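Okay, here's what each chain looks like letter by letter:
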There are 2 protein chains.
Amino acid sequence: MSEYSPLIANLIQALGKLPGIGRKTAQRLAFHILDAPVEEAEALAQAVLQAKKSIHLCAECCNFTENDLCEVCSNPKRDHTTICVVESPRDLAAMERIHEYKGLYHVLHGVISPMQNQGPETLKLRELLSRLQNHPEVSEVILATNSSVEGEATALYVARLLKPSGIRCTRIAHGLPMGADIEYADEVTLARALTGRTDL
Amino acid sequence: MSEYSPLIANLIQALGKLPGIGRKTAQRLAFHILDAPVEEAEALAQAVLQAKKSIHLCAECCNFTENDLCEVCSNPKRDHTTICVVESPRDLAAMERIHEYKGLYHVLHGVISPMQNQGPETLKLRELLSRLQNHPEVSEVILATNSSVEGEATALYVARLLKPSGIRCTRIAHGLPMGADIEYADEVTLARALTGRTDL
C-alpha cells in the first residue's frame, strides 16, 4: 500500500498482528500513536519491552512473574495443600478476582487439542508432576480448565495422570454454561462453580 | 488490581490508553504479547519508537512524513495547481485509495469544534495561507472535510478565509451520507463526491 510512508505502514503492520486488531483498527491505533504525546508512545513501547524482558514463568506454578516465584506461590498465607490447575494466566487472574480461593495454582499454558496439533506434551504437565513429588503436603488438585471440549478432555487427562499418586482430584462444578470461557464468566457464577466442585 | 504483577499491570494500562481498547481487550493484547515470540514484541515496540521518532509533519502540506516533504508534495507528476484540504492524514489516505485525485493536499489536523474547545487557531490554517502566498500557481482549493456539523463549519470557514485571495474554492459533493466519516466511506461514494464538487 503506497498511501502511507514506510514507517507508518510498518507500525500499522506491527499493530495488525495483535489479536482482534484488523487493518482499519490498526490504522486508527497507529494514527493515535502518531498524534499522542511522545511520552505516551514511549511508555507503551517501554511497557512492551520491559514486560517481555523481565516476565518469565514462575518456577513452581508456571504463572507469569518478574521474580523467581510468583506472588501467589511466595505468599505463606496461601493454602499450600491445594493446587488449582488452569489453562492460562488470564484464567488465574479470573480466579483471583472472586477472592474466595486461597490455595495455589498451576498454569498449563494450553489445552490438549488434537485439531490444533496440541498434545499433552506441550502443556506444563511434567512440571506439575515433579511439583507434586517435591511437595507431598499437596492433598487436592482442582481442575479449573474451561468447560469447552478441549478443557474437559484436558481435565480428564490430568485426573487420569494423577490417579496413581492418590491425590484427590476435583473438577470445578458446571455452574458455568457449557462452552463459556472462564475469563469472561461473572464472579458469582465462577464462585458457585468453585464451591460445587466434585470428585473425578 | 493485585491479580497481575506490576509489569503486566503496567503493560495493560499502557495498551488501555489506545482508542477503542477497553480493559478486557488490553488484557488480551498484553497476554498475547507475553506469549508471542520476543522478536514480534520487539518489532512492535521498535515500530512505535521509530515512527514516533522519525515521523513529523510535511513542510508543505502538514501530512505525516519521514522526509522534509511528503511523497505527494515531492512528486513532480502530481498536479501542483490543486490543493485538497482534509481533516487528518487518515482522510488523505482514504482520498489516495480512490486513485482519481492527482493534486496536492493540505492536512488541517482537526476541525473547528467549539464544543471541544477547538478554535480555528488550532488548525494548520496559517500554514495553508502562507503556502498559497508562496505558490501563486494554485488555482483551486477543494474542501474535503467530513460531512459532519464540524466538518461543514470548517469548510465554510476556510472558504470565507480564502475569499479575498480569489482562489476557486470547492466542496466535495454530498454523495456521502450526512454525518459519515470520510475515512470509512467506500471508494465509489468517495469518488462520486470528488467528481460532483460545487463552488462555495
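All figures in this text were calculated on a predicted structure; none of them were measured in a lab.

## Structural notes on unusual backbone geometry
Residues and elements named next belong to chain A.
For step 1, the next point in the chain: One non-glycine residue, His99, adopts positive backbone phi at about 55 degrees.
For step 2, the next point in the chain: Counting through the fold element by element, His99 comes out in the loop between α4 (89-97) and β4 (103-107).
For step 3, the next point in the chain: Taking relative accessible area as the criterion, His99 reaches 61% and is therefore assigned exposed.
For step 4, the next point in the chain: If you check the backbone angles, His109 has positive phi at about 60 degrees while not being a glycine.
For step 5, the next point in the chain: Residue position: His109 is located in the loop between β4 and α5 (125-134).
For step 6, the next point in the chain: Overall, His109 belongs to the partly exposed group, its relative accessible area being 22%.

## Points about the pattern of salt bridges
For step 1, the next point in the chain: The final tally for this structure, using the stated rule, is 8 salt bridges over all chains.
For step 2, the next point in the chain: Here Glu60 of chain A ties to Arg131 of chain A by a salt bridge, and the two come within 3.3 Å at their closest N and O atoms. Linking Glu60 of chain A in the loop between β1 (56-57) and β2 (64-65) with Arg131 of chain A in helix α5, this pair joins segments that are 71 residues apart in sequence.
For step 3, the next point in the chain: A salt bridge links Glu152 of chain B to Arg171 of chain B, with the shortest nitrogen-to-oxygen separation between them at 3.0 Å. Residue Glu152 of chain B is found in helix α6 (residues 149-162), and its partner Arg171 of chain B is found in strand β6 (residues 168-171); the two are separated by 19 residues along the sequence.

## What about the interface of chain A and chain B?
For step 1, the next point in the chain: Listed per partner, the contact involves 54 residues of chain A and 54 residues of chain B.
For step 2, the next point in the chain: With both chains or domains summed, chain A and chain B bury close to 5100 Å², and 70% of this area falls on carbon and sulfur atoms.
For step 3, the next point in the chain: Along the contact surface separating chain A from chain B lie 0 salt bridges.
For step 4, the next point in the chain: Joining chain A to chain B, the criterion identifies 10 residue pairs in polar contact (both at pLDDT 80 or more).

## Regarding the relation of the copies chain A and chain B
For step 1, the next point in the chain: Mapping chain A onto chain B calls for a rotation angle of 180 degrees and an axial translation of 0.0 Å; the resulting RMSD is 0.1 Å. Taken together, the turn and the small shift mark the pair as related by a two-fold rotation axis. By C-alpha distance to the rotation axis, the residue of chain A lying nearest is Ala45 of chain A, at 2.2 Å.
For step 2, the next point in the chain: An overlap of 100% is found between the interface residues of chain A and their copies at the interface of chain B, pointing to a shared contact surface.

## Looking at empty space enclosed by the protein
For step 1, the next point in the chain: Inspection of every chain in the model, using the stated rule, returns 3 cavities of 30 Å³ or more.
For step 2, the next point in the chain: Taken as a whole, the largest cavity spans an internal volume of roughly 50 Å³.
For step 3, the next point in the chain: Taken together, His32, Ile33, Ala36, Glu40, Ala41 and Leu44 of chain A together with Ala14 and Leu18 of chain B form the lining of the largest cavity.
For step 4, the next point in the chain: When residues of the lining of the largest cavity are traced back to their parent elements, those giving at least two are α2 (23-35) and α3 (38-54) of chain A.

## A closer look at the state of the cysteines
Residues and elements named next belong to chain B.
For step 1, the next point in the chain: Tallied over the full model, the rule gives 0 disulfides over all chains.
For step 2, the next point in the chain: The structure places no disulfide on Cys62, whose sulfur is separated from the nearest cysteine sulfur, that of Cys61, by 6.7 Å.
For step 3, the next point in the chain: Exposure remark for Cys62: the relative accessible area of 4% places this residue in the buried category.
For step 4, the next point in the chain: Cysteine Cys169 remains unbridged, with the sulfur of Cys84 as its closest cysteine sulfur at 11 Å.

## Details of the packing of α3 of chain A against helix α3 (residues 38-54) of chain B
For step 1, the next point in the chain: Closest axis-to-axis distance for the α3 of chain A/α3 of chain B pair is 9 Å, and the angle between their directions is 165 degrees. Classed by the angle they form, the pair α3 of chain A and α3 of chain B counts as roughly antiparallel. By crossing handedness, the relation of α3 of chain A to α3 of chain B is classed as left-handed. Contacts between α3 of chain A and α3 of chain B pair Val38, Ala41, Glu42, Leu44, Ala45, Val48, Leu49 and Lys52 of chain A from the former with Val38, Ala41, Glu42, Leu44, Ala45, Val48, Leu49 and Lys52 of chain B from the latter.
For step 2, the next point in the chain: Across the contact of α3 of chain A with α3 of chain B, the residue classes break down as 12 nonpolar, no polar and 4 charged.

## Digging into a nonpolar patch on the surface
Residue and element names in this part refer to chain B.
For step 1, the next point in the chain: On the surface, a nonpolar cluster with roughly 220 Å² of combined accessible area is contributed by Leu129, Tyr157 and Leu161.
For step 2, the next point in the chain: Looking at the secondary structure, you find Leu129 in helix α5 (residues 125-134).
For step 3, the next point in the chain: With a relative accessible area of 34%, Leu129 lands in the partly exposed category.

## What about the packing of aromatic side chains?
For step 1, the next point in the chain: Per the counting criterion, the structure on display carries 6 aromatic pairs over all chains.
For step 2, the next point in the chain: Relative to Phe31 of chain A, the ring of Tyr4 of chain A lies with its centre 5.5 Å away and its plane at 50 degrees, an arrangement referred to as tilted. Of the two residues, Tyr4 of chain A sits in the segment before α1 (6-16) while Phe31 of chain A sits in helix α2, which places them 27 residues apart along the sequence.
For step 3, the next point in the chain: Taking relative accessible area as the criterion, Tyr4 of chain A reaches 6% and is therefore assigned buried.
For step 4, the next point in the chain: Since its relative accessible area comes to 4%, Phe31 of chain A is described here as buried.
For step 5, the next point in the chain: An aromatic cluster is built from Tyr4 and Phe31 of chain A together with Phe64 of chain B, whose rings are joined through pairwise contacts.

## What to know about the packing of helix α1 (residues 6-16) of chain B against helix α2 (residues 23-35) of chain B
Residues and elements named next belong to chain B.
For step 1, the next point in the chain: For the pair α1 and α2, interaxial distance at closest approach is 8 Å and the crossing angle is 125 degrees. By the angle class used here, α1 and α2 are oblique. Relative to α2, the crossing made by α1 is right-handed. Where α1 approaches α2, its residues Ile8, Leu11, Ile12, Leu15 and Gly16 are matched on the opposing element by Arg23, Ala26, Gln27, Leu29, Ala30, Phe31, Ile33 and Leu34.

Cut-offs used in this document
- Note on numbering: residues in each chain are counted from 1, in written sequence order.
- Going through the entries in the order they are written, you letter the chains from A and number the ligands from 1.
- Side-chain atom pairs in this predicted model are given and counted only at pLDDT of 80 or more, local residue features only at pLDDT of at least 70, and totals for whole chains, interfaces and linings cover all residues.
- Processing note: side-chain calculations cover all non-hydrogen atoms of the structure and skip hydrogens and water entirely.
- Strands are runs of DSSP state E lasting at least two residues, helices are runs of H or I lasting at least four, and both sets are numbered from the N terminus onward.
- Any residue under 20% of the maximum accessible area for its type is buried, any over 50% is exposed, and the rest in between are partly exposed; the area is computed with a 1.4 Å probe on protein chains only.
- For salt bridges, the criterion is a side-chain nitrogen of Lys or Arg within 4 Å of an Asp or Glu carboxyl oxygen.
- The contact criterion used is simple: two residues touch if any of their non-hydrogen atoms lie within 4.5 Å.
- Here the quantity called buried area is the accessible surface, traced with a 1.4 Å probe, that two parts lose on coming together, added over both.
- Two N or O atoms form a polar contact when they lie within 3.5 Å of each other; inside protein one atom must be a possible hydrogen donor and the other a possible acceptor, and for residues adjacent in sequence the pair counts only when both atoms belong to side chains.
- Only residues with pLDDT of at least 70 in both copies count here: their C-alpha atoms drive the least-squares fit that superposes the copies.
- Here a cavity is any set of points on a 1 Å grid over the protein atoms alone where a 1.4 Å probe fits but cannot get out, and a pocket is any open set with protein on both sides within 12 Å along at least 5 of 7 lines; a residue lines the site when it has an atom within 4 Å of a point.
- Grid points are joined across faces, edges and corners, and a volume is the space filled by probe spheres set on the points.
- The definition used for a disulfide is geometric: two cysteine sulfur atoms within 2.5 Å.
- Here an axis means a line fitted to C-alpha atoms, over the contact stretch when the element is a helix, while the angle between two N-to-C directions is reported on a 0 to 180 degree scale.
- Angle categories: roughly parallel below 35 degrees, roughly antiparallel above 145, roughly perpendicular from 65 to 115, and oblique for all the rest.
- Two helices that cross are described as forming a left-handed crossing if the nearer one is turned anticlockwise from the farther one by less than a right angle, and a right-handed crossing if clockwise.
- Here the term charged refers only to Asp, Glu, Lys and Arg, the term nonpolar to Ala, Val, Leu, Ile, Met, Phe, Trp, Tyr, Cys and Pro, and the term polar to all other amino acids, Gly among them.
- Every patch collects residues that have over 30% relative accessible area and no salt bridge, joining them within 9 Å if they carry like charges and within 5 Å if they are nonpolar side chains (Val, Leu, Ile, Met, Phe, Trp, Tyr).
- In short, Shrake-Rupley with a 1.4 Å probe defines the accessible areas, and a residue's cover is counted only from the protein chains shown.
- Only centres within 6.5 Å qualify two rings of Phe, Tyr or Trp (six-membered ring in Trp) as a pair; their planes then separate them into stacked at under 30 degrees, edge-to-face at over 60, and tilted for everything else.

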